[in-house]
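Structural description and commentary
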Amino acid sequence: MQPVPLFRARLASAPANGHVAFIPQIRKLVFEYCNDWPSSANTRTFLQRELIPFARDNPHVEIVVKQRNRKEPVVRGYYVNGRDKVIALNKLEVTGIQKKLQLLLDASGLKIKPLKRRTVESTTEAARGIWSGLHAERPQL
């Protein structure tokens, strides 16, 4: 009896529960910049040189460019779950703008949850009881 060869394709796990495709969570990016202010210079450079290759690499994202006079440059990411994230682009180089855009693309749109500080939940009452505004003394004016 000969051993059956084990192919790499058989090692892959089969999708479960109908999840066979990756759905990106971001649906729209809106760039807002000023045409005159120096703080928007790197954003304008990015929009002129890097935006078209970025849009080709991410066809699932709708990209909108708006001109906002006398305002700092920002990019807004709108997500499938209805939330949005806003990142200021002033004082960022072109590579920094690319990193922030990658951050928006990789984000899920959920609210950021702190990992270190969990809320304290007690199973017993406090030693002094529960505070109530009805039992406090009135302040003297």
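This text follows the structure it describes.
A brief structural summary. (Residues numbered from 1 in each chain as written. Predicted model: local features only at pLDDT ≥ 70, side-chain atom pairs only at ≥ 80, totals over all residues. Heavy atoms only, no water.)

Things to note about the pattern of salt bridges
Here the structure, examined in full by the defined rule, presents two salt bridges. With its nearest N and O atoms 3.2 Å apart, the salt bridge here joins arginine 68 to glutamate 32. One end of the pair, arginine 68, is in the loop between strand 2 (62-67) and strand 3 (74-79); the other, glutamate 32, is in strand 1 (residues 26-33), with 36 residues separating them in the sequence. For glutamate 32, a relative accessible area of 6% puts it in the buried group. Ionic pairing is found between glutamate 32 and arginine 76, a salt bridge with its closest N-O pair at 3.3 Å. Note that glutamate 32 is positioned in strand 1 and arginine 76 in strand 3, a separation of 44 residues in sequence. By relative accessible area, arginine 76 is classed as partly exposed at 21%. Here the salt bridges share partners, and the residues they tie into one network are Glu32, Arg68 and Arg76. (Salt bridge = Lys/Arg side-chain N within 4 Å of Asp/Glu carboxyl O. Helix = DSSP H or I, 4+ residues; strand = E, 2+ residues; numbered from the N terminus. Buried < 20%, exposed > 50% of the residue type's maximum accessible area, 1.4 Å probe, protein only.)

Some points on the sheet that holds strand 2
Read across the sheet, four strands follow the order 2-1-3-4 without closing on themselves; strand pairing throughout is mixed. Of all strands in the sheet, those with a lone pairing partner are strand 2 and strand 4 (84-88), marking the two edges. Geometrically, the sheet is characterised by an average inter-axis angle of 15° between neighbouring strands, direction not taken into account. Examined bridge by bridge, strand 1 and strand 3 share six bridges and lie antiparallel to one another. Across the sheet, lysine 28 pairs through a bridge with tyrosine 78, a residue of strand 3. Along the sheet face, helix 4 (residues 94-106) touches strand 1, strand 3 and strand 4 and points at about 150° away from the line of strand 1. (Pairing = 2+ DSSP bridges. Axes fitted to C-alpha atoms, helices over the stretch in contact; angles between N-to-C directions. Contact = heavy atoms within 4.5 Å.)

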